[in-house]
There are 2 protein chains.
Amino acid sequence: MRIDNRNYRTIWPADKEQGPILIIDQRKLPHEFVIEELHTVSDAVVAIRDMHVRGAGLIGATAAFGMYLAAIGAEPGRLNEALQEGGRMLDNSRPTARNLKWAVDRILTAAALGDNEDDQKRIIFKTACEIADEDASFCKSLGLHGLKIIKELSEKKDGKTINILTHCNAGWLAFVDYGSATAPIYAARDAGIDVHVWVDETRPWNQGSKLTAWELQQENIPCTLITDNAGGHLMQKGMVDMMIVGTDRTTHTGDVANKIGTYLKALAARDNDIPFYVALPSSTFDWEMDSGHDIPIEERSGDEVTAISGMTKEGTVATVQLTAPGTRALNYSFDITPARLITGLITERGITAANREAIHRLFPEK
Amino acid sequence: MRIDNRNYRTIWPADKEQGPILIIDQRKLPHEFVIEELHTVSDAVVAIRDMHVRGAGLIGATAAFGMYLAAIGAEPGRLNEALQEGGRMLDNSRPTARNLKWAVDRILTAAALGDNEDDQKRIIFKTACEIADEDASFCKSLGLHGLKIIKELSEKKDGKTINILTHCNAGWLAFVDYGSATAPIYAARDAGIDVHVWVDETRPWNQGSKLTAWELQQENIPCTLITDNAGGHLMQKGMVDMMIVGTDRTTHTGDVANKIGTYLKALAARDNDIPFYVALPSSTFDWEMDSGHDIPIEERSGDEVTAISGMTKEGTVATVQLTAPGTRALNYSFDITPARLITGLITERGITAANREAIHRLFPEK
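Being a predicted model, the structure only gives us computed values, none of them experimental.

Colleague: How would you sum up the nonpolar core? Please name residues and give values.
Modeller: Inside soluble globular proteins, nonpolar side chains tend to come together where they are buried. If you look at the biggest cluster of nonpolar residues, it comprises 77 residues, and the most contacted ones within it are Leu-345 of chain A together with Leu-345 of chain B. Beyond its immediate chain neighbours, meaning those up to four positions away, Leu-345 of chain A contacts Thr-250, Val-256, Val-278, Leu-280, Phe-285, Gly-350, Ile-351, Thr-352, Ala-353, Ala-354 and Ile-359 of chain A.

Colleague: Please provide a residue-by-residue account of the packing of helix 3 (residues 79-91) of chain A against helix 5 (residues 117-156) of chain A, values included.
Modeller: Residue and element names in this part refer to chain A. Running from amino to carboxyl end, helix 3 crosses helix 5 at an angle of 30°, the nearest separation of the two axes being 11 Å. In terms of orientation, helix 3 and helix 5 fall into the roughly parallel class. Contacts from Leu-79, Asn-80 and Leu-83 of helix 3 reach helix 5 at Glu-117, Gln-120, Lys-121 and Ile-124. The residue makeup of the contact of helix 3 with helix 5, split by class, is 3 nonpolar, 2 polar and 2 charged.

Colleague: Break down unusual backbone geometry for me, with residues and values.
Modeller: Look at the link from Arg-203 of chain A to Pro-204 of chain A: it is a cis peptide, with omega at 5°. For Pro-204 of chain A, the position within the fold is in the loop between strand 7 (195-200) and helix 7 (207-218). Backbone torsion omega between Leu-29 of chain B and Pro-30 of chain B reads 0°, so that peptide bond is classified as cis. Residue placement: Pro-30 of chain B occurs in the loop between strand 4 (21-24) and strand 5 (35-38). One non-glycine residue, Cys-168 of chain A, lies in the positive phi region at around 65°. The topology assignment puts Cys-168 of chain A in the loop between strand 6 (162-166) and helix 6 (183-190). Despite not being glycine, Asn-220 of chain B has its phi angle at roughly 60°, a positive value.

Colleague: Hey, could you go over the domain arrangement of chain A for me, with residue numbers and the actual values?
Modeller: Residue and element names in this part refer to chain A. Each assigned domain of chain A is listed here: domain 1 (2-134) and domain 2 (144-362). Inter-centroid distance (C-alpha atoms) of domain 1 to domain 2 is 25 Å. Roughly 3000 Å² is buried in total at the junction of domain 1 and domain 2, and carbon and sulfur atoms are behind 55% of that figure. Considering only the side of domain 1, the residues that lose the most area to domain 2 are Arg-2, Thr-96 and Arg-98, jointly responsible for 24% of the buried surface there. On the surface where domain 1 and domain 2 come into contact, there are 4 salt bridges. Contributing elements (two or more residues each) for the side of domain 1 that touches domain 2: strand 1 (2-3), helix 2 (56-72) and helix 4 (98-111). Residue classes in the side of domain 1 that touches domain 2 are distributed as 14 nonpolar, 7 polar and 10 charged.

Procedures and definitions
Residues numbered from 1 in each chain as written. Chains lettered and ligands numbered in written order. Predicted model: local features only at pLDDT ≥ 70, side-chain atom pairs only at ≥ 80, totals over all residues. Heavy atoms only, no water. Core = buried A, V, L, I, M, F, W, Y, C linked by side-chain atoms within 4.5 Å. Buried < 20%, exposed > 50% of the residue type's maximum accessible area, 1.4 Å probe, protein only. Contact = heavy atoms within 4.5 Å. Axes fitted to C-alpha atoms, helices over the stretch in contact; angles between N-to-C directions. Helix = DSSP H or I, 4+ residues; strand = E, 2+ residues; numbered from the N terminus. Parallel < 35°, antiparallel > 145°, perpendicular 65-115°, else oblique. Nonpolar A, V, L, I, M, F, W, Y, C, P; charged D, E, K, R; others polar. Domains from an automatic or database assignment. Buried area = accessible area lost by both parts, 1.4 Å probe. Salt bridge = Lys/Arg side-chain N within 4 Å of Asp/Glu carboxyl O.

Right, here's the structure in full:
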């Protein structure tokens, strides 16, 4: 997608054949646009854990390229050990994200087919690139499926603006390209449908105000920032036509782990008869887990709640303390939206109800 | 209540017999403790409109003392005009708050009984002081009624900690003393019950992180700050025993206008079978309005969402921009929690169900 009218992905190898791996350091957005080089698997782990990159698909792609960095950093004759160790480090870098394990497992399976270490390294690089390409193409496909829903709503409203509320950033910045929740929005824009996005601020990390609003502005999609508190009121007033959010892990029974606060919006959508959709590439499904309540929920530092950074009048980025000294904060990153509150899951294969039978009907090989 | 172990109210006349009127400038908390003098009715209007003071009861008391300042500023022979004009200014200073009109009307009614302008001024000062005293004593009373609920929960949990979630600041800083939502908590502490408060940050003005957390710390009540997004997850995990919030206006049919985001928490409380109480002195009831949807909802500047102030490392208070230039924000201050989601209303006369019949049974004179 576009930044200052130039096309970017969120992660890419410096060269078609080799590393280092380049990412956009998303901690700096929207105030600074900084490209960072990852040279080692540890660089990739830090980038994921400290949120230089974030979002389901992008975490998966970073883990895949991280495995490639683990491979090229391995001592001769010790590639498999390096991959096992790198995989463990990457898989543990954030607990809730499903795409991590999915990407690591896929690299390990592919690497096992190589004839020798050089061949294995080639396979790993190729597979990591495939994972990134596939993430982008899955997002593009799910966007076209999601477009149908928006189109129907637009026809019902005689072409009047469709107001879509989203929470956090499940935009192209959270994937390799296009995004999950935003892909149907970009597709609707391309189809000439009049869309407007309500962007939840998304405390405490402010992915909405820092990333989603910025990303949509770069793409010229009309959007308005609101606090996380506001969505229910807008729904009561008829100002929201649908919700689309992303997910960090969705059980094969349809329970959705997503950014903390998603559950509250799903409750409000239900209370106001507003369709609530979750968009995800199939790499985000957890095919083993039967209940969302078993999904591990990341707890991050309370400092993310008590302090915040932004741009001063002088044009420098500064961190300010929001609370009195000694204020204690608890900071869970995700919550679980139970399947019963979800209108549908938008995947690269089509839209499915959020229940075991329907999901497995769409993915019969699982 | 206490600040640095000294007792304060949130508003008081400089002298037992006359002004100026003193307030705590709450915009500066918790970083600075500044007492401000109000000399004219315009000072009072600015203090309310720009949120030097805020909260149902305190806005009412400030309006009452504002009427006194209008009276002493009136040209001889023009007291009634000055009161009408001052009342109109005060009543329009914030649209949602019910206590404004209640206080202005009470002062006007009392002033009409004076024999001459000097007598009227005396009556107005006395009535304003009564309104402030009554606000404090009503809060204290409702605290004792609310205590019964907490006591029952504590007995059910064999004396284990009772976790109470509150949104915004309906603490003593929002009233003249004690607070509404916090009064039962202070009463529980005094009764030796083990309480812990989850404090919603309350974007965009951060009344939770700036005021409630600070107020509770000053009173040694254990509390933990959370983002507004987190409450639903804590409820799902069994970490919340009850909710108590305040209200800026409650219809006599039981619909509650309170800080934006309250509705989302009420939905989550219902979904998790958690009691959801609203605490209010009867001055906050709107006896004419039949539906919450008719309550005017204040819209404030989007700048409150896109920028925030806090304490820098250097120890100065600075404002930082959170968004990219040009990001548009919409900022409604309140939402409506429908009566059907409310377990009970805690008033100075006792606890009532949130419906017309029960409310009028408790206040038969209305």
